[in-house]
Amino acid sequence: MDLYCVMGNPVEHSRSPRIHARFAELCGQQLDYGRRLVPVGAFAKGVAAFRREAAERGEAARGCNVTVPFKFDAAALAQHTSERAVLAQAVNTLRFEEDGSIYADNTDGIGLVNDIVQNAAVPLAGRAVLLIGAGGAAAGVLGPLLDAGVSRLVVANRSVDRAIALVQRHAALALGHGAALEAWPLDAVPGDFDVVVNATASSLAGDAVPVRAEVLRPGALAIDLMYGPAAAGFMAWAEAHGAIARDGLGMLVEQAAEAFALWRGVRPPAAQVLAELRAELG
Ligand code: NDP
């Protein structure tokens, strides 16, 4: 049996085992995907234990997803890293290679782009996008949003220094795509946008939406990376101001689909699994 897991702390809330089990079923793939709670500060040991325990049982650990707070530790553990993970400086997917080395990737950003363009049917090419936040999630999605051909991308964050650092790191990519890339404080974002992405932890903290509603163009897509009841406040705010509201469940399923394709060489039917998950969650 090929083994995979999600490693995090906490990790019991993760829906990844459910999503990957369904992908495997629909794609006829034999694998087992579990959860592993790893002590903070012990990510490398956690990966080694996962691989060793699998080998002792005559099975093979093939890879893992990485969630809070290990996305930065995971980047340091790999011998080979995708370009998008290098830019993000954060990793959410590891693949354990036959020669024992580790390949690292970040599928969060392409997951968000696929959810916006394919599931929400909102084109990104030529659009103005506001990305709120400059933490791990924002770092993961900035490069793929630029790759999707947006014309203007503003990064706004509570600590503006972090937004500036993120923008500086992606300046060459933006230039290559001919996109305007800027950093602003939350209360001074200039203009309005076709797509607004909340990649802060404001919804998780139960706090108000951290930007003024004027950033929303009429009919804009407003998407919170959070999902479930915690995303309700952001969604209500978006709808009250004439935007199309979306939560982060689609991104969650799409980033998982990208990881599954990286591991198994087969693309799972993400839209079907997203619809099933939404029906399950009511
Ligand atoms: P980080 O801790 O790395 O970053 C948190 C970010 O939120 C920072 O920019 C921080 O600003 C900002 N922030 C926190 N609280 C507030 C607030 N009350 N008002 C305004 N800004 C605030 O977290 P991540 O980037 O890893 O995660 C962010 C969110 O994205 C989480 O809710 C997470 O669950 C979600 N997520 C969803 C995914 C999905 O697949 N749907 C994938 C990954 C993440 P500052 O820099 O000033 O501290």
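The structure under discussion appears in the preceding block.
If you're wondering where the values come from, they're calculated on a predicted model, not measured in any experiment.

The rules behind these values
- Counting restarts for each chain: residues are numbered from 1 in the order of the written sequence.
- The predicted nature of this model means local features are confined to residues of pLDDT at least 70 and side-chain atom pairs, given and counted, to a pLDDT of 80 or more, with totals for whole chains, interfaces and linings taken over all residues.
- With hydrogens and water stripped out, all remaining heavy atoms of the structure feed into the side-chain values.
- Labels follow the DSSP assignment, with helices taken as runs of H or I lasting at least four residues and strands as runs of E lasting at least two, numbered in each case from the N terminus.
- Expected helix span is given by 1.5 Å per residue-to-residue step, counting one fewer step than there are residues.
- Note on exposure labels: buried denotes an accessible area under 20% of the residue type's maximum, exposed denotes more than 50%, and partly exposed covers the range between, all computed with a 1.4 Å probe on protein chains only.
- To obtain the arc, one takes the directions from the helix axis to the C-beta atoms.
- Every residue pair with non-hydrogen atoms within 4.5 Å of one another is taken to be in contact.
- Here the rule is simple: two strands pair whenever DSSP picks up at least two bridges between them.
- Crossovers are marked right-handed if the path from the first strand over the helix to the second runs clockwise, as seen with the strands pointing away from the viewer.
- Each reported salt bridge corresponds to a side-chain nitrogen of Lys or Arg within 4 Å of a carboxyl oxygen of Asp or Glu.
- Near, as used in this document, describes a residue that has one of its heavy atoms within 4 Å of the molecule or strand being considered.
- Under the rule applied, a polar contact is a pair of N or O atoms within 3.5 Å (in protein, one hydrogen donor and one hydrogen acceptor; residues adjacent in sequence only if both atoms are side-chain atoms).
- Where accessible areas are quoted, they stem from the Shrake-Rupley method and a 1.4 Å probe; at the residue level, only the protein chains shown are allowed to cover.
- Side-chain classes are defined by residue name, with Ala, Val, Leu, Ile, Met, Phe, Trp, Tyr, Cys and Pro counting as nonpolar, Asp, Glu, Lys and Arg as charged, and the others, Gly among them, as polar.
- Note on definitions: angles span 0 to 180 degrees between N-to-C directions of axes, and those axes are lines fitted to C-alpha atoms, for helices only across the stretch in contact.

## A word on helix α2 (residues 43-56)
At step 1: Along its 14 residues, α2 runs 20 Å from first to last C-alpha, staying within 8% of the 20 Å computed at 1.5 Å per residue.
At step 2: Residues of α2 that are buried: Phe43, Gly46, Val47, Ala49, Phe50 and Ala54. Buried residues along α2 cover an arc of 160 degrees about the axis, so they all sit on one side. Within α2, the exposed residues directed more than 90 degrees away from the buried face are Lys45, Ala55 and Glu56.
At step 3: Those residues of α2 that are buried are in contact with β1 (2-8), β2 (31-37), β3 (60-66), α3 (71-77), β5 (93-96) and β6 (102-105).
At step 4: One or two positions beyond α2, positive phi appears at Gly58, with a value near 75 degrees.

## Overview of the pairing of β2
At step 1: For β1 and β2, the ladder comprises seven bridges, and the chain directions are parallel. In the sheet register, Tyr4 faces β2, and the bridge partner there is Tyr33.
At step 2: Viewed along the sheet, the connection from β1 through helix α1 (residues 16-27) into β2 turns out right-handed.

## With respect to the side chain of Ser82
At step 1: Examined against the element boundaries, Ser82 turns out to sit in the loop between β4 (80-81) and α4 (83-88).
At step 2: The exposure class of Ser82 is buried, given its relative accessible area of 9%.

## What about the pattern of salt bridges?
At step 1: For the structure shown, the criterion picks out 20 salt bridges.
At step 2: In this structure, the salt-bridge partner of Arg62 is Glu98, at a minimum N-O distance of 3.4 Å. With a gap of 36 residues between them, Arg62 in strand β3 and Glu98 in the loop between β5 and β6 connect regions that are remote in the sequence.
At step 3: Overall, the relative accessible area of 74% leaves Glu98 in the exposed class.
At step 4: Between Asp247 and Arg278 there is a salt bridge, with the nearest N and O atoms lying 3.0 Å from each other. You can see Asp247 sitting in the loop between β12 (244-246) and α10 (249-264) and its partner Arg278 sitting in helix α11 (residues 270-281), a full 31 residues away along the chain.

## With respect to the site of the ligand
At step 1: The environment of the ligand is made up of 21 residues, and the closest members are Ala137, Asn157, Ser159, Arg162 and Asp207.
At step 2: A distance of 3.0 Å separates an oxygen atom of the ligand from a polar backbone atom of Ala134.
At step 3: Between the ligand and Leu225 there is a distance of 2.9 Å, counted from a nitrogen atom to a backbone nitrogen or oxygen.
At step 4: Expressed as a share of its isolated accessible area of 940 Å², the protein-covered part of the ligand is 79%.
At step 5: Broken down by secondary-structure element, the contributors of at least two residues to the shell around the ligand are α6 (136-147) and α10.
At step 6: Of the residues contributing to the shell around the ligand, the split by class is nine nonpolar, eight polar and four charged.

## Comments concerning the sheet that holds β3
Each strand in a sheet pairs with another by means of backbone hydrogen bonds, the pair being arranged parallel or else antiparallel.
At step 1: The strand order across the open sheet formed by six strands is β2-β1-β3-β5-β6-β4, and the pairing between neighbours is mixed. Strands at the two margins of the open sheet, each flanked by one partner only, are β2 and β4.
At step 2: Bridging between β5 and β6 involves four bridges; their strand directions are antiparallel. Paired with Arg95 across the bridge in β6 is Tyr103.
At step 3: Along the sheet face, α1 touches β1, β2 and β3 and points at about 175 degrees away from the line of β2.
At step 4: In the packing of α2 onto the sheet, contacts are made with β1, β2, β3, β5 and β6, and the angle to β1 comes to roughly 160 degrees.

## A word on the environment of Thr107
At step 1: Structurally, Thr107 is set in the loop between β6 and α5 (108-119).
At step 2: Taking C-alpha positions, Thr107 is 8.7 Å from Val141, a pair spaced 34 residues apart along the chain.
At step 3: With sequence-adjacent residues up to four places away left out, Thr107 is seen in contact with Arg84, Asn92, Thr93, Gln255, Glu258 and Ala259.
At step 4: A polar side-chain atom of Thr107 sits 2.9 Å from the main-chain carbonyl oxygen of Gln255.

## Description of the side chain of Asp247
At step 1: For Asp247, a relative accessible area of 11% corresponds to the buried category.
At step 2: At 3.2 Å, the side chain of Asp247 forms a polar contact with the backbone nitrogen of Leu249.
At step 3: A polar contact is formed between the side chain of Asp247 and the side chain of Arg278, at a distance of 3.0 Å.
At step 4: Excluding residues within four positions of it along the chain, Asp247 makes contact with Asp115, Ile223, Asp224, Met226, Tyr227, Gly228, Ala231, Met235 and Arg278.

## Topic: unusual backbone geometry
At step 1: Following Asn9, the chain continues to Pro10 via a peptide bond in cis, the omega torsion being 5 degrees.
At step 2: With respect to the element layout, Pro10 can be found in the loop between β1 and α1.
At step 3: For the bond running from Val68 to Pro69, omega is 0 degrees, close enough to zero to count as cis.
At step 4: Mapped onto the fold, Pro69 is located in the loop between β3 and α3.
At step 5: In this model, Gln89 sits at a positive phi of 55 degrees, which is unusual for a non-glycine residue.
At step 6: Summarising the element assignment, Gln89 is placed in the loop between α4 and β5.
At step 7: Despite not being glycine, Ala121 shows a phi value in the positive range, around 55 degrees.
At step 8: Looking at the secondary structure, you find Ala121 in the loop between α5 and β7 (128-132).

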